[in-house]
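Examination of the molecular architecture
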Amino acid sequence: MPTWREITSTNPSHSENYAARWRRLAEEGADIYGEARLIDAMAARGSTILDAGCGQGRIGGYLARRGHRVTGIDIDPVLIAYAEQDFPGASWVVGDLSGDPIGKGDFDLVVSAGNVMGFLAEEGRVPALVNIRDALTPSGRAVIGFSAGRGWAFGDFLADASLAGLDLESAFESWDLRPFDDNSQFLVAVLGRSSDPS
């Protein structure tokens, strides 16, 4: 799978088109907040939440409007500009999940949706998971969702998460918590910070 940088280098209008698509879906009344509703249900009001790979702020913006303290990080400055414009109640940062530290025990929850994991370069996968782990409070949880066929098999992802110091607490095949099994084409992994990464 190509990385997000490779996609936007090949197609400079990709980010604008991506943001416009989500705006159009919202205007048409589509339910675009399922992931955010789950995270909101998992979090005490006023939690610190990191939207890892936040795009144009769809999930983090929803959570900020519900009283959470949200920071969103994304590699794409165009999408961060949309997030800042549309959701001024959160903090938005241009940064690379694989290369930039994103907090040291600052976040009660980390959410990464929208197939973000599939856009990471292979060599950046474990470093991104380590950064996510390090961003969590000791009792914090990361909720990471992505679909099959993104170049990172679910078993390999879970092995890499364990290597990065994240323990699998629960696995689902959808954001509405349908059970995960060997035939699932989507993974929503709820991960906790292990006390001692291997």
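Residues numbered from 1 in each chain as written. Predicted model: local features only at pLDDT ≥ 70, side-chain atom pairs only at ≥ 80, totals over all residues. Heavy atoms only, no water.

1. Thoughts on the overall build of the protein chain
Each helix and strand in the protein chain was counted, giving seven helices and seven strands. Tracing the protein chain from N to C terminus, the helices and strands come up as α-α-α-β-α-β-α-β-β-α-β-α-β-β. For the protein chain, the C-alpha atoms occupy an extent of roughly 40 × 40 × 35 Å along the three principal directions. The burial tally for the protein chain puts 51% of its 198 residues in the buried class. Within the protein chain, contacts between residues separated by at least 24 positions form 66% of all contacts whose residues are at least 6 apart in sequence. A total accessible area of about 9,100 Å² is found for the protein chain, and carbon and sulfur atoms account for 49% of it. On the protein chain, the mean spot of the 17 positive side-chain charges and the mean spot of the 28 negative ones are 6 Å from each other. (Helix = DSSP H or I, 4+ residues; strand = E, 2+ residues; numbered from the N terminus. Buried < 20%, exposed > 50% of the residue type's maximum accessible area, 1.4 Å probe, protein only. Contact = heavy atoms within 4.5 Å. Areas by Shrake-Rupley, 256 points an atom, 1.4 Å probe, with all protein chains shown as cover. Lys, Arg positive; Asp, Glu negative; His and termini not counted. Charge placed at Lys NZ, Arg CZ, Asp CG, Glu CD.)

2. Remarks on helix 3 (residues 34-42)
When we look at burial in helix 3, the residues that qualify are Glu 35, Ala 36, Leu 38, Ile 39 and Asp 40. The inward-facing, buried residues of helix 3 abut strand 1 (48-52), helix 4 (58-65), strand 4 (107-112) and strand 5 (136-147).

3. Remarks on the nonpolar core
When a protein is soluble and globular, its nonpolar side chains tend to lie buried together. Met 117, Leu 129 and Phe 157 are the most contacted members of the largest nonpolar core, which has 27 residues in total. The contact partners of Phe 157, leaving out residues within four places of it in the chain, are Met 117, Leu 129, Ile 144, Phe 146, Trp 152, Leu 187, Ala 189 and Leu 191. (Core = buried A, V, L, I, M, F, W, Y, C linked by side-chain atoms within 4.5 Å.)

4. Quick notes on the pairing of strand 2 (residues 69-74)
Taken together, the five bridges between strand 1 and strand 2 define a ladder with parallel strand orientation. Within the sheet, the bridge partner assigned to Thr 48 lies in strand 2 and is Arg 69. As for the winding sense of the linkage, the β-α-β connection from strand 1 through helix 4 to strand 2 is right-handed. As paired strands, strand 2 and strand 3 (residues 91-94) are joined by four bridges and run parallel to one another. Residue pairing in the sheet places Gly 72 in a bridge with Trp 92 of strand 3. (Pairing = 2+ DSSP bridges. Right-handed = clockwise from strand over helix to strand, strands pointing away.)

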